[in-house]
Every structure is written in structure tokens, then in C-alpha cells.
Amino acid sequence: MARQPNLLAFPDVDALATTLRTYILQAQTAGLHRHQTFKVAVSGGSLPKTLAKALLAKPTSSEDTIKFDKWEIFFADERCVPLDHEDSNYCLLKAELLDKIPAEMGQPIVYPIDTTDLNDVQEIADKYEKVLVEKFAARDSVKLPIFDLLLLGCGPDGHTCSLFPGHELLREADAWVMPIEDSPKPPPKRITLTLPVVNHGVKIAFVATGGGKKEIMKQIFEQGNGLPCALVNEGGQERVTWFTDVPAVEGVSFPRRGSL
């Protein structure tokens, strides 16, 4: 029988961030044990601000240490804009988190998109997939990259990464990275990890907060409706953990917990 995703609900974002830190530390420990690095994919939206709250807090013990110098950060999706553009997920992560990491915590290796030709979205996707092949399959052929952790958001329409409801990209089975030129949310040109790559992660975390999310959360957890977030729940099962606040899951009929 399929194991269900984990739905955690917290009274506020501070409490959420504290538990998210613990969860990320567990994933970091497992990743370092597996291959001496910690390979993470991140999305944009409100996620980088919550990540900063979780990761930049002062450690309480030697076990409670974020080892940024062992991190490799990739983008679960990215907008095809210059890296200093306000729509860039890289720009957002840099402003909210990367620029605030104290020197003593070490610096992660970050893999932004190649912005040489922003009009050729297919080329940007192909180049980013080559980066993943180099980092995940340098010595042997693998069908899919396995991220130690994917940190994702949930849009009000149930989209995640740049995988949108009803879009043909949801059916992509072979590519690791795909272009999208007709995103229903601007900017229209983007690249995104594909659903099989997302579902293949060792750990998959969603962060969704605020009362504005409760209607889509009901759909995701009660009906599914083929929504991208629901497809990740189905594909990742117990490897998926949702970090929410109470307003985001008000009225959602699904078992939830207040801790890991």
C-alpha cells in the first residue's frame, strides 16, 4: 500500500522554520554520508525568505551546524531573465540567503542558468541538463539525477517548480530539464526540472503558508485533480514532507502533525 506524504502544521512561520532546519540537517547528514556533498534543488517565491530564517539561525550545538561549504545548490526552476533581474530565482536566493551567509559558515557552490542567449529557452534547458549530467552522472550513466533534497513551493493554482496544471510538460518522462515558453504566470519563458526528477528526490519538502493556500491545499490533499503538487505527493509518497502554518491547512481533511 502506498505510504502517504507527511503534512506538518505549525502555529507560525518561526516554529515552522525551526523544524525545517532540523529536517534539512537530517537530509544534510544523510547526503554527506552518501557522497560527501549535499545536493539541493530550490525554488523561488516566498521559500528563500523562510529558508534564511531556518538556516541562518545560530547553531545550538555542534550537531546543529549547517555546513554550507558542502552544499551544491541547483534551481528546481528558473525564469529566463538576467541573473540580476527581479524575476530571477537566483537573484531572489542571493538577496534573501546567499549574501547573508556569514563567512565562518562556508559558502555553497551554486549553479545558476547560463544567460548567454535568453531568447533560446531550449538551449538554456539543454545547458542546465548538461550541468546536472556532469554533477550527477560523471562516472556512470544514470536514468535520473537523485537530489538529496528538493525544497519547493506551492502556487495558488497547485503548480510547483514551473510545472503547471494541465500542461503538457507534466507528461515528460525522459528529459531532466525542460523549457516552457507559455507559462501562465509571468515571465512566460522558463526552465524547470521535470516531474520524474522531482519525484526521484531522496527527500522532497514543500513550504506553504498563509490562509490564501487553504483552498488549493484542500484540492491537493483531498482530491488530487492531477495538480502538479498532488502528482509529487503521489510519486514521492512518504519521502514528501509539507511544512505549513495552521491557516494554510484550515479545513483540510488529511492527518497532520506538529513535529517531525
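Asks: Could you give an account of the overall build of the chain, with specific residues and numbers?
Replies: Scanning the chain for helices and strands turns up 7 helices and 10 strands. C-alpha extents for the chain along the principal axes are approximately 45 × 45 × 40 Å. In the chain, which comprises 260 residues, the proportion classed as buried is 52%. In the chain, of all internal contacts separated by at least 6 residues, the share reaching a separation of at least 24 is 77%. As displayed, the chain offers around 11,700 Å² of accessible surface, 50% of which is attributable to carbon and sulfur atoms. In the chain, which carries 28 positive and 35 negative side-chain charges, the distance between the mean positions of the two groups comes to 5 Å.

Asks: Account for the pairing of strand β2 (residues 38–42), naming residues and giving values.
Replies: With 5 of 5 residues buried, β2 is to be regarded as a mostly interior element. Of the two faces of β2, both are covered, the one formed by Phe38, Val40 and Val42 as well as the one formed by Lys39 and Ala41. Between β2 and its parallel partner strand β3 (residues 71–75), the chain crosses via helix α2 (residues 47–55), and the hand of that crossover is right-handed. As paired elements, β2 and strand β6 (residues 149–153) share 3 bridges and run parallel to each other.

Asks: So what about the packing of aromatic side chains? Which residues, and what values?
Replies: For the coordinates displayed, the defined rule picks out 12 aromatic pairs. Pairing Phe68 with Trp71 gives two aromatic rings, centres 5.0 Å apart and planes at 55 degrees, and the pair type is tilted. The residues Phe68 and Trp71 share a single accessibility class, namely buried. Plain terms: the ring middles of Phe206 and Trp242 are 4.1 Å apart, the flat faces sit at 15 degrees to each other, and that makes the pair stacked.

Asks: Before we move on, can you summarise the nonpolar core with the specific residues and values?
Replies: Within the largest apolar cluster, 84 residues are counted, with the highest numbers of intra-cluster contacts made by Leu20, Ile24, Leu151, Leu193 and Trp242. Broken down by element, this core gets its largest block of residues, 7 residues, from helix α1 (residues 13–35). Setting aside residues no more than four positions away along its own chain, Leu20 makes contact with Thr50, Leu51, Ala54, Leu151, Val207 and Phe243.

Asks: Tell me what's going on with helix α6 (residues 214–223), and back it up with residues and numbers.
Replies: Three or more residues of α6 are buried, namely Ile216, Met217, Ile220 and Phe221. Looking down the long axis of α6, one finds its buried residues gathered within 120 degrees of arc, a one-sided arrangement. Residues of α6 that are buried sit in contact with β1 (6–10), β9 (204–208), α7 (228–236) and β10 (240–245). Remark: Gly224 follows α6 within two positions and exhibits a positive phi of approximately 85 degrees.

Asks: So what's going on with the sheet that holds strand β4 (residues 77–79)? Which residues, and what values?
Replies: Read from one edge of the open sheet, 3 strands run β4-β8-β7, paired in antiparallel fashion. Either end of the sheet is taken by a strand with one partner, and the two such strands are β4 and β7 (177–180). Taking the axes of each pair of neighbouring strands and ignoring which way they run, one obtains an average angle of 15 degrees across the sheet. Bridging between β7 and strand β8 (residues 190–193) involves 4 bridges; their strand directions are antiparallel. Looking across to β8, one finds that Met178 is bridged to Thr192. Against the sheet, helix α4 (residues 121–136) makes contact with β7 and β8, and its axis sits at roughly 165 degrees relative to β7, the strand it touches most.

Asks: Could you give an account of unusual backbone geometry, naming the residues involved and the relevant values?
Replies: Put simply, Pro186 and Pro187 share a cis peptide bond, and its omega is -5 degrees. Along the chain, Pro187 turns up in the loop between β7 and β8. With a phi close to 65 degrees, Gln36 is a non-glycine residue in the positive phi region. By the secondary structure assignment, Gln36 is in the loop between α1 and β2. According to the relative accessible area criterion, Gln36 is exposed, its value standing at 54%. Although it is not a glycine, Asn225 sits at a positive phi angle of roughly 55 degrees. With respect to the helices and strands, Asn225 occurs in the loop between α6 and α7.

Rules used in this analysis
Think of each chain on its own: its residues are numbered from 1, step by step along the sequence as written. A pLDDT threshold of at least 70 governs which residues receive local features in this predicted model, and a stricter bar of 80 or more applies before side-chain atom pairs are shown or counted, although totals over entire chains, interfaces and linings include all residues. Side-chain metrics in this entry use all non-hydrogen atoms of the structure; hydrogen atoms and water are not considered. In this text, helices come from DSSP runs of H or I with a minimum length of four residues, and strands from runs of E with a minimum of two, each type numbered from the N-terminal end. Type-normalised accessible area, obtained with a 1.4 Å probe on protein chains alone, sets the label of each residue: buried when under 20%, exposed when over 50%, and partly exposed for intermediate values. In this analysis, two residues are considered to be in contact whenever any of their non-hydrogen atoms come within 4.5 Å of each other. Computed with a 1.4 Å probe, the accessible areas rest on the Shrake-Rupley method; for each residue, only the protein chains presented here act as cover. Residues scored as positive are Lys and Arg, those scored as negative are Asp and Glu, and His as well as the terminal groups of each chain are ignored. Just so you know, the charge point we use is NZ for Lys, CZ for Arg, CG for Asp and CD for Glu. Crossovers are described as right-handed under a simple rule: with the strands pointing away from the observer, the path leading from the first strand over the helix to the second runs clockwise. We call two strands paired when DSSP finds no fewer than two bridges between them. Between 30 and 60 degrees the pair is tilted, below 30 it is stacked and above 60 it is edge-to-face, where a pair is any two Phe, Tyr or Trp rings, Trp via its six-membered ring, whose centres lie within 6.5 Å. We define a nonpolar core as any set of buried Ala, Val, Leu, Ile, Met, Phe, Trp, Tyr and Cys residues linked to one another through side-chain atoms lying within 4.5 Å. This arc is taken over the directions from the axis of the helix to the C-beta atoms. Note on geometry: axes are C-alpha line fits, over the in-contact stretch for helices, and angles between N-to-C directions span 0 to 180 degrees.

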